[in-house]
Amino acid sequence: RQNMETTDIIKDLIAENRLEEAIELLNRRIEQNEKDDEAYYLLGNIFRKKGNWKQATFYYLSATEINPESPAKQAQEVLVDIQNFMNPDFNP
């Protein structure tokens, strides 16, 4: 129950571009439960939004390791597709 409430708050913070506050709440969630795949997934979304794809990839892969069914798996695949598209070696 508590995670659902914080998830809504965190999603609102992300939508409002209050990313540092969202990161702080997510880090607290991970401290309480390091197997919280949703927290890692949301962190991945934040770092993708910030344009830090390396960090986004790290968090998406962490979420997928904990829960192979996590939406982070698809988000990671999209990130790879975007990187391949933007890389001139793959897209002359």
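Everything that follows concerns the structure shown earlier in this document.
Definitions and limits used
- Each chain has its residues counted from 1, following the order in which its sequence is written.
- Local features in this predicted model are restricted to residues of pLDDT 70 or higher, and side-chain atom pairs are both shown and tallied only at a pLDDT of 80 or more, whereas totals for entire chains, interfaces and linings draw on every residue.
- Hydrogens and water molecules were not included; the side-chain quantities draw on all heavy atoms of the structure.
- By the criteria applied, helices consist of DSSP H or I runs no shorter than four residues and strands consist of E runs no shorter than two, each listed in order from the N terminus.
- We call a residue buried when its accessible area falls under 20% of the maximum for its residue type, exposed when it is over 50%, and partly exposed in between, using a 1.4 Å probe and counting protein chains only.
- Only heavy atoms matter for contacts: two residues are in contact if any of them lie within 4.5 Å across the pair.
- We define a polar contact as two N or O atoms separated by no more than 3.5 Å, with the added condition that, inside protein, one atom must be a possible hydrogen donor and the other a possible acceptor, whereas residues neighbouring each other in sequence contribute only through side-chain atom pairs.
- For every element, the axis is a line fit to its C-alpha atoms; helices are fit only across the contacting stretch, and the angle between N-to-C directions ranges from 0 to 180 degrees.
- Oblique is the label for every angle not falling under 35 degrees (roughly parallel), over 145 degrees (roughly antiparallel), or within 65 to 115 degrees (roughly perpendicular).
- By the definition used in this description, the sense in which the near helix is turned from the far one sets the handedness, with an anticlockwise turn below a right angle giving left-handed and a clockwise turn giving right-handed.
- In this classification, the charged set is Asp, Glu, Lys and Arg, the nonpolar set is Ala, Val, Leu, Ile, Met, Phe, Trp, Tyr, Cys and Pro, and all remaining amino acids, among them Gly, are polar.
- The definition of a nonpolar core used throughout is a set of buried Ala, Val, Leu, Ile, Met, Phe, Trp, Tyr and Cys residues joined through side-chain atoms within 4.5 Å.

Q: Give me the overall build of the protein: which residues, what numbers.
A: Regarding its fold elements, the protein presents 5 helices and 0 strands. What you see in the protein, going N to C, is helices and strands ordered as α-α-α-α-α. Looking at the 92 residues of the protein, the share that counts as buried comes to 37%. Considering only residue pairs separated by 6 or more positions, the protein has 39% of its internal contacts joining residues 24 or more positions apart.

Q: How would you explain the side chain of serine 70 if you had to name every residue and give the values?
A: Mapping serine 70 onto the fold places it in the loop between α4 (53-66) and α5 (72-86). Among the polar contacts made by the side chain of serine 70, one reaches the main-chain amide nitrogen of alanine 72 at a distance of 3.0 Å. Leaving out residues up to four positions away in the same chain, serine 70 has contacts with Asp37, Tyr41 and Ala63.

Q: Break down unusual backbone geometry for me, with residues and values.
A: Its identity as a non-glycine residue notwithstanding, asparagine 17 has a phi of 65°, on the positive side. Mapped onto the fold, asparagine 17 is located in the loop between α1 (2-15) and α2 (19-32).

Q: Outline the packing of α2 against helix α3 (residues 37-49), listing residues and values.
A: Interhelical geometry of α2 versus α3 gives an angle of 155° and a closest axis separation of 9 Å. In terms of orientation, α2 and α3 fall into the roughly antiparallel class. Like other packed secondary-structure pairs, α2 and α3 cross with a definite hand, here left-handed. Packed against α2, whose contacting residues are Leu19, Ala22, Ile23, Leu26, Asn27, Arg29 and Ile30, the element α3 presents Glu38, Ala39, Tyr40, Leu42, Leu43, Ile46, Phe47 and Lys49 at the interface. Within the contact of α2 with α3, the residues separate by chemical class into 11 nonpolar, 1 polar and 3 charged.

Q: Could you give me a rundown of the nonpolar core, with the residues and numbers involved?
A: Of all hydrophobic cores here, the largest spans 22 residues; its most connected members are Leu26, Tyr41, Leu43, Ile46 and Tyr60. Listing elements by their share of this core, those giving two or more residues are α1, α2, α3, α4 and α5. Residue contributions to this core peak at 7 residues, all from α3. Beyond its immediate stretch of four places on either side in the chain, tyrosine 41 contacts Tyr59, Tyr60, Ala63, Ser70, Pro71, Ala72 and Ala75.

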